[in-house]
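# Breakdown of the fold
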Amino acid sequence: MNPMTTAATAMRHPEPPTTPGLGRVYNFSAGPACMPETVLAQLRDEITDFDGSGMGLLELSHRGPAYDRILADAFASVRACAGVGADWEVLFLPGGSMQHFSLIAMNFVPTAKAGAEQPWVAFADTGLWSHKGEKETACVRPTKKVFDGATCRFDHVPSDAEIADCTGAAYFAYCSNNTVEGTQFGRPPHVAAPLVCDATSDIFSRPFDLNAHALLFASGQKNLGASGITMVLVKKSFLERADTSLPPMLSYANFAKTESRPNTPPTFGVRVIGLMAQWTHEFGGPAAFGPRNAAKAAHIYKAIDGSGGFYRPSMRADCRSDMSISFQLPSDAHVDRFVAEAESEGLCGLRGHREWGGIRACVYNAFPAKGCEVLADFMGAFAKRNG
Ligand code: PMP
């Protein structure tokens, strides 16, 4: 845990603002998602003039002193939020999370020497993104499902006892928050393989034992800002095992060696991650956001539970996510009406994932608490009118 973000220090941090500024809606989108207005305002100013340099943010050379500072700030803010020390590398890579499923396998699963057994990747298939992740991984290395969520319609994430033996796996891959289905791991699983976590939709949202992992990755469009960039946190001891014969642009070791600029990096995305991490840290970091996010989500779960079965969550109550709240309505027509009426009241981005249906409210760190109360009130009134 980051000593700078303990509950005690978090108490001293003010709450993030709870009402959207004039002309803004409550944006429940899964991603790209809502960002803090102060960060947006800073980016707006920096686009035309970065820190009095006479150059806009998008015009700065990635080898110049201004970008040196941007990169150093981003590394420092991410480290402060993550609470990771010098035994970890922080990397920023172009592209989304999806690229990393195959990249991680190429980097960390050696191809077997003749006659030797090919190492494999253990996968917990807990939802759409881990399912897709396994498919991506299987393009380059063998995988084995050690938990198959399809057998329980993805209604929960597995306990340790439900995960098949991972002995011999190069690593165990799982997704800490299932953005589509609305389930979330309460803590990292205990398995007999290094943990690799897709934390795209709940990074920095709560205290979580990052140190239990070998590697975590998260793309930008949720708690880290802009899409099209991915942050990787990797333990140096794990990175030492990486295949260094890969093309350099696919090699995590090369990104570590070059401080994430082996070529022209996504400079804007790095700045956005830096500002998002700085904002998260200023408001108390994961330790402060954990209870705040739980309280936000509780408003919506209360509306679900109080609806007499009108709103139907598909997940077990003990696995409910505080980031992505997903539920079904009695019919598709109800969903269409819900989405249209909500939108007319400034509650936007609520339609569920196209492969899951229903309604989904994503309430990432920057989503204001007030918006959850407003949605809960809307849900109560809608259920009364349509139940
Ligand atoms: N993993 C999770 C948990 C996600 O929520 C998403 C996107 N919503 C992805 C992976 C894919 O991310 P990207 O689009 O950046 O590849």
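Keep in mind it's a predicted model, so treat the numbers as computed, not measured. (Residues numbered from 1 in each chain as written. Predicted model: local features only at pLDDT ≥ 70, side-chain atom pairs only at ≥ 80, totals over all residues. Heavy atoms only, no water.)

## Here's the deal with helix H9 (residues 285-305)
Counted at 1.5 Å a residue, the expected span for H9 with its 21 residues is 30 Å, and the 30 Å between its end C-alpha atoms agrees. In H9, a bend of some 25° at His299 exceeds every other bend along the element. (Helix = DSSP H or I, 4+ residues; strand = E, 2+ residues; numbered from the N terminus. Expected span 1.5 Å × (residues − 1). Bend = angle between axes of the 7 residues up to and from the residue.)

## Concerning a nonpolar patch on the surface
Taken together, the side chains of Ile47, Leu58 and Phe268 make up a nonpolar region of the molecular surface, amounting to roughly 250 Å² of accessible area. Along the chain, Ile47 turns up in helix H2 (residues 37-48). Accessibility expressed as a relative area gives 32% for Ile47, which makes it partly exposed. (Patch = residues over 30% accessible without salt bridge, like charges linked within 9 Å, V, L, I, M, F, W, Y side chains within 5 Å. Areas by Shrake-Rupley, 256 points an atom, 1.4 Å probe, with all protein chains shown as cover. Salt bridge = Lys/Arg side-chain N within 4 Å of Asp/Glu carboxyl O. Buried < 20%, exposed > 50% of the residue type's maximum accessible area, 1.4 Å probe, protein only.)

## What about the side chain of Glu89?
Mapping Glu89 onto the fold places it in strand S2 (residues 88-94). For the buried residue Glu89, which engages in no salt bridge, the nearest side chain bearing the opposite charge is Lys236, 4.2 Å off. Once residues within four sequence positions are removed from consideration, Glu89 is found in contact with Arg79, Val232, Leu233, Val234, Lys236, Leu239 and Ala256. (Lys, Arg positive; Asp, Glu negative; His and termini not counted. Contact = heavy atoms within 4.5 Å.)

## So, the site of the ligand
Lining the immediate environment of the ligand, one finds 13 residues, of which Met98, Thr179, Asp198, Ser219 and Lys222 sit closest. Contact distances for the ligand include 3.5 Å between an oxygen atom and a side-chain N or O atom of Trp129. A distance of 2.6 Å separates a nitrogen atom of the ligand from a polar atom in the side chain of Asp198. For the ligand, whose accessible area on its own is 400 Å², the fraction buried by protein is 86%. Taken together, the residues of the shell around the ligand break down into three nonpolar, eight polar and two charged. (Near = heavy atom within 4 Å. Polar contact = N/O pair within 3.5 Å; in protein donor to acceptor, adjacent residues only side chain to side chain. Nonpolar A, V, L, I, M, F, W, Y, C, P; charged D, E, K, R; others polar.)

## Some points on the sheet that holds S2
With mixed pairing, the seven strands of this open sheet are ordered in space as S2-S10-S9-S8-S5-S3-S4. Only two strands of the sheet have a single partner each, and these edge strands are S2 and strand S4 (143-148). Neighbour-to-neighbour, the strand axes of this sheet turn through a mean angle of 20°, independent of strand direction. Inspection of the sheet shows strand S8 (residues 195-198) paired to strand S9 (residues 215-219) by three bridges, in the parallel sense. Directly across from Val196, in S9, lies its bridge partner Leu215. On the sheet, helix H5 (residues 128-138) packs against strand S3 (120-125), S4, strand S5 (169-175) and S8 and is oriented at approximately 160° with respect to S3. Against the sheet, helix H8 (residues 267-282) contacts S2 and strand S10 (229-235), and its axis sits at roughly 65° relative to S10. (Pairing = 2+ DSSP bridges. Axes fitted to C-alpha atoms, helices over the stretch in contact; angles between N-to-C directions.)

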